[in-house]
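Remarks on the overall topology
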Amino acid sequence: MSTLAENSNRRNDTISKLFGFFDDSNKLLFSVLLIACLAGGLFISGLLVAAVGGSPTKVLSSLIEGSFQTPGAFGRTLIEAVPLLLVSVGVIVSFKAGHYNIGTEGQVAIGALFATVVALQTPGPGWLVATLAVVAGFAGGAFWSGIAVAAYLWRRVDVMISTLLLTFIAPNVVLFAVSKDYLLLDTTDSNTRLASQSERIPSEKRLMEFEVFGQEIHLGFVAAIIISLLVTALLGKSVWGLRVRLLGSNFLTAKRYGVTQHREGATALLISGGFSGLAGGMIVMGSAFRLQNHIANDFGWDGLLSAIVARLSGYLALISSVFFAALRTGSSFLAATGVSRTITSVIQGLMVIAALMPAALLVVIYRSDSGKRIFKSGKKGELE
Amino acid sequence: MIEDIEIILESSIRLGHIFLFAALGEYVAERAGTINISLEGMLLAGAFGGALGASETGSPVLGIFAGIAAGFIISYLQANLSHRLNIDQFVVGIALTVLSIGLTTFLFLEIKIYSGRIHEFAIPVLSEIPIIGTALFAQRWLGYVAFVLPFFIWAIVHRTRWGLEVRSVGEDPSAANVSGIPVLKRRRQSIYIAGMCAGLSGAYLSLAVTGAFSQNMSAGKGVVAIAAVLFGGWTLFGTICGSLLFGFADALGLSLQIIGFNVIPGPVLDSMPYLLALIGLLTIANMAKKPAALAENFDPSD
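Keep in mind that what you see is a predicted model, and the values were worked out from it rather than measured.

**As for the packing of helix 9 (residues 239-249) of chain A against helix 11 (residues 261-288) of chain A**
All names here are of chain A. In contact at an axis separation of 10 Å, helix 9 and helix 11 are set at 100° when each is read in the N-to-C sense. Considering their axes alone, helix 9 and helix 11 lie roughly perpendicular with respect to each other. For the pair formed by helix 9 and helix 11, the contact residues are Trp240, Arg243, Val244 and Leu247 on the first element and Gln261, Arg263, Glu264, Gly265, Ala268 and Ile271 on the second. Considering only residue class, the contact of helix 9 with helix 11 consists of five nonpolar, two polar and three charged.

**Brief notes about the packing of aromatic side chains**
Aromatic ring pairs: the centre-centre distance and the angle between the two ring planes describe each pair. If you walk through the whole model with that rule in mind, you get 16 aromatic pairs over all chains. Both rings, one in Phe95(A) and one in Tyr100(A), keep their centres 4.9 Å apart while their planes meet at 70°; by these two values the pair is edge-to-face. For Tyr100(A), a relative accessible area of 3% corresponds to the buried category. Among the aromatic residues, ring-to-ring pairing joins Phe95(A), Tyr100(A) and Phe90(B) into one connected group. Between the NZ or CZ atom of Arg155(A) and the centre of the ring of Trp154(A), over which it lies, the distance is 5.5 Å. It is Arg206(A) that lies over the ring of Phe289(A); its NZ or CZ is 3.8 Å from the centre.

**Some words on the packing of helix 7 (residues 161-171) of chain B against helix 9 (residues 183-209) of chain B**
Residue and element names in this part refer to chain B. At a minimum axis distance of 9 Å, the contact between helix 7 and helix 9 shows a crossing angle of 110°. As far as their axial angle goes, helix 9 and helix 7 are roughly perpendicular. Every residue of helix 9 that contacts helix 7 at Trp162, Glu165, Val166 and Val169 is listed here: Val183, Arg186, Arg187, Gln189, Ser190 and Ile193. Residue classes in the contact of helix 7 with helix 9 are distributed as five nonpolar, two polar and three charged.

Calculation rules
Residues numbered from 1 in each chain as written. Chains lettered and ligands numbered in written order. Predicted model: local features only at pLDDT ≥ 70, side-chain atom pairs only at ≥ 80, totals over all residues. Heavy atoms only, no water. Axes fitted to C-alpha atoms, helices over the stretch in contact; angles between N-to-C directions. Helix = DSSP H or I, 4+ residues; strand = E, 2+ residues; numbered from the N terminus. Parallel < 35°, antiparallel > 145°, perpendicular 65-115°, else oblique. Contact = heavy atoms within 4.5 Å. Nonpolar A, V, L, I, M, F, W, Y, C, P; charged D, E, K, R; others polar. Phe/Tyr/Trp six-rings, centres within 6.5 Å; stacked < 30°, edge-to-face > 60°. Buried < 20%, exposed > 50% of the residue type's maximum accessible area, 1.4 Å probe, protein only. Lys NZ or Arg CZ within 6 Å of the ring centre and 35° of its normal.

Written out as structure tokens, the structure is:
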């Protein structure tokens, strides 16, 4: 297995290169490039809108209107941002540990399933059931990523491939649960069509809602912010965080310090899956209130992208998840502009590419003749 | 009973070809030591490009070429971002897949597409053979490419100098580099082949299998094609077997529901190819010797 160790060592070297700043002296250049690339991505989206006969300014204004300006819109955006943020934090933990957990979409769905089961089947006071349900969501997501962890530890199956495959299985599991009357299918009178969905979660068991500055948000919002700040701080400052990052950045050093895939690697992946599941629980208990097979509704994918756009920084993820949530809520206002709401998925894709471009541009600059002259101390300059 | 078997065989060949075309390309790319998560995006772009090309020109043949070109464009981005500019290949793969899902969905809603469907062509005598005849020799004609493509891939990977260099790049890039083989160039070229094959696979999906493009129609087929390469233990024959097996699992799930077999619930049957791929990875794939430098980035300046 020595090749495996070297492989992941090489691989992780590029992760830190990709998401870290090259060196301190070029932070300014890097930030300028990043902003330019993000702006360029938006510009290309605008060109695309214009190409299909729409008006880019109208699209932009209705996106802003739909996500921030109309009454209650900001609150809706923040509520959408809750699962995105949680998924992002999970993704960050797993990427930092050198594992690509990209099956977040499936973990969100399974988390939602677990949360629904607990919420509908447990008697007791509302606040307790809501808490238990959300925790069950965490357990569900951790269980789903746990399958990938077990496959990796037992047979070294690539986490990236196995989590992706599991993502395509998860909606079928949820569909199975909500289409059988002995499981979760809603058989009450209100569901006359017998659509494949669970019963509604009774209102006393939902996450507590409250109003701040005229915007309705629920308790999950506060919890998500606290959790993400806590995890980011732990990842950056604690011994556990150091060990996880060590595993991700240098496999051999990690081994010397007794950091193992069995302990730190597995924990990071379980936590990562757990946060996705927690996001699923928040969706069910905070905004959807019932389980359907499309419950994950791209929250998992969007959270993954938001983590990449945030360049694996937990603090920037706070901003990028709100941005992605705004695209989601704003898209419903696009009908009036005559441009399809799916333009937001194009914007998302372009934003992710834009977030990766600065690292590539730096390579181009370093390799060019003038770049070599200016950045003589740079890594590529040493070739001379 | 025989009819049921014929139906299942026929659709498993048809669906297996989707995996087969994409997996053959990914096989070349993985032998060069790269993994392309964007295969999913290439496949989807190929499906869209194929449908769009056929709709605009009115000719399915030109549609196929448009599909191959669309797959190539995505692979061009993947190759140059990850193996020229050293961005992590997996993150690039995720980004490109998302971008192609977004772009195709958006353009599909904005542009009206009326693609035709590729004709069925039954080979006279052979298609009369009982049981396997219709499955193998009465396909839509693009399907017959599957008889040729594996030999072509085998020839270029195992019987040319280029192929030898590609394999050496996948085993030990540093040694290859020292002996004068342009490592990153070979990797990029192998990804171009993956992109064109995945584009062909997508065009086959939209022009021959369904006859129309629909939103996100690849639905994980690219991922299963990657799994087929791993499942096949990075051998050409294994890859072919893997893709046909996953095609069979896919077809079995669909056909059993049509036939009315309901001992196994529908959702379980729907997830058959993914489950089987996962089980395959757990059991067989690990016994194989993988390209030693698989998924390893190579920076010639290091």
